[in-house]
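# Geometric and topological summary
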Amino acid sequence: MTETVKIIVGLGNPGPEYERTRHNAGEWYVRELAQRYNAQLKLDSKYFGFTGLIQINGQDVRLLIPTTFMNRSGQAIAALAQFYKIPAEEILIAHDELDIPPGIAKLKRGGGHGGHNGLRDSISRLANNRDFLRLRIGIGHPGSKEKVTGHVLGKAPQAEQELIDAAIDEAVRCTEVWFRDGYTKAVSRLHSFKA
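Report follows, based on the coordinates. (Residues numbered from 1 in each chain as written. Predicted model: local features only at pLDDT ≥ 70, side-chain atom pairs only at ≥ 80, totals over all residues. Heavy atoms only, no water.)

## Focus on the packing of aromatic side chains
- According to the stated counting rule, one finds 6 aromatic pairs in the structure shown.
- Taken together, a centroid distance of 6.1 Å and an interplanar angle of 45 degrees make the contact between W178 and F179 tilted.
- By way of ring pairs, the aromatic residues Y47, F83 and Y84 are connected into one cluster.
- The ring of W28 carries R20 above its face, with NZ or CZ at 4.5 Å from the centroid. (Phe/Tyr/Trp six-rings, centres within 6.5 Å; stacked < 30°, edge-to-face > 60°. Lys NZ or Arg CZ within 6 Å of the ring centre and 35° of its normal.)

The structure is reproduced here in structure tokens:
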């Protein structure tokens, strides 16, 4: 199976008060990709988000950062995917992941939402198709369920932020490897990385 990707989505919450919060790690990855390829992300109301177009190894890839709140992320993803007739299997959604420590990012296909509201909404708006790819960016777990909301909506201390940024940087490099040398190579490189 070829792991083709036509849309890369970075999940986050809109507005300056959320910009540097852990929940926006997916958005940071897409912004970093856009920067790497000198792409402008433009606000496009018909897709409920910022969109851009980059070419990785000669392939067109649409970038999307929803401007809806996290729990309505799927609205933007479904709008873009339907317009360009792109199936869920060719979408990569980058998001923050509590179950992975900072400094690590992992790729996977399919699965549940694991309590992540952005993934929950994306699954439901993609007609319950869970077969999209995910880039899971580790933000660590605060230790107890009660602290999760404050953790994801809080800013990481500098040392922790540097680990997250390093994992995102490596994820961007591995995205290039993916488009050049294939998914398996990208996964084995990304999964052996630890900031």
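Having seen the structure, we can now continue with the description.
## With respect to the nonpolar core
- Ranked by internal contacts, the top residues of the largest apolar core, which has 39 residues, are I8, Y29, L92, L135 and W178.
- Sort the elements by how many residues they give to this core and helix α5 (residues 158-181) lands first, with 9 residues.
- Aside from chain neighbours lying at most four places away, what touches L92 is V5, I7, I8, V9, Y29, L107, L133, R134, L135 and W178.
- Residues I7, I77, L80 and F132 belong to the second largest nonpolar core, which totals 19 residues. (Core = buried A, V, L, I, M, F, W, Y, C linked by side-chain atoms within 4.5 Å. Buried < 20%, exposed > 50% of the residue type's maximum accessible area, 1.4 Å probe, protein only. Helix = DSSP H or I, 4+ residues; strand = E, 2+ residues; numbered from the N terminus. Contact = heavy atoms within 4.5 Å.)

## Description of the packing of helix α1 (residues 25-36) against α5
- Two numbers describe how α1 lies on α5: the axes approach to 10 Å, and their chain directions differ by 50 degrees. Between α1 and α5, the angle is such that the two are oblique. Where α1 crosses over α5, the handedness of that crossing is right-handed. In contact with A25, W28, Y29, E32, L33 and R36 of α1, α5 contributes Q161, I164, D165, I168, D169, A171, V172, R173, T175 and E176.
- Split by residue class, the contact of α1 with α5 holds 8 nonpolar, 2 polar and 6 charged. (Axes fitted to C-alpha atoms, helices over the stretch in contact; angles between N-to-C directions. Parallel < 35°, antiparallel > 145°, perpendicular 65-115°, else oblique. Left-handed = near helix turned anticlockwise from the far one by under 90°. Nonpolar A, V, L, I, M, F, W, Y, C, P; charged D, E, K, R; others polar.)

## Focus: the side chain of D121
- Along the polypeptide, D121 turns up in helix α3 (residues 117-125).
- One polar contact links the side chain of D121 to the main-chain amide nitrogen of G74, over a distance of 2.8 Å.
- Dropping the residues within four chain positions of it, D121 is found in contact with N71, R72, S73, G74 and Q75. (Polar contact = N/O pair within 3.5 Å; in protein donor to acceptor, adjacent residues only side chain to side chain.)

## Here we look at unusual backbone geometry
- One non-glycine residue with positive phi stands out, namely N38, at about 50 degrees.
- The phi dihedral of A127 falls on the positive side, at around 55 degrees, and the residue is not glycine.
- Within the secondary structure, A127 is located in the loop between α3 and β7 (133-138).

## As for α5
- The end-to-end C-alpha distance of α5, which contains 24 residues, comes to 34 Å, matching closely the 34 Å that a straight helix rising 1.5 Å per residue would cover.
- Residues Q161, I164, A167, I168, E170, A171, V172, C174, T175, V177, W178 and F179 constitute the buried set of α5.
- Where α5 terminates, the next one or two residues include G182, which has phi positive at roughly 105 degrees. (Expected span 1.5 Å × (residues − 1).)

## Quick notes on the sheet that holds strand β5 (residues 91-97)
- Read across the sheet, 7 strands follow the order β2-β3-β4-β1-β5-β7-β6 without closing on themselves; strand pairing throughout is mixed. The sheet terminates laterally at β2 (42-44) and β6 (105-109), the two strands that pair on one side only. Put simply, the sheet's adjacent strands are angled 25 degrees from each other on average, direction ignored.
- Here 4 bridges tie strand β1 (residues 7-10) to β5, and the two strands are oriented parallel to one another. When the sheet's bridge partners are listed, V9 is paired in β5 with I93.
- Strand contacts of helix α2 (residues 73-83): β1, β3 (49-56), β4 (59-66) and β5, with the helix running at about 150 degrees to β4, the strand carrying the most contacts. (Pairing = 2+ DSSP bridges.)

## Some thoughts on the packing of α2 against α3
- The geometry of α2 relative to α3 is characterised by a closest axis approach of 7 Å and an angle of 40 degrees between their N-to-C directions. Taken as axis vectors, α2 and α3 run oblique relative to one another. Remark: the crossing between α2 and α3 carries right-handed chirality. Only G118, D121, S122 and R125 of α3 make contact with α2, whose side of the interface consists of S73, G74, Q75, I77 and A78.
- Partitioning the contact of α2 with α3 into residue classes produces 2 nonpolar, 5 polar and 2 charged.

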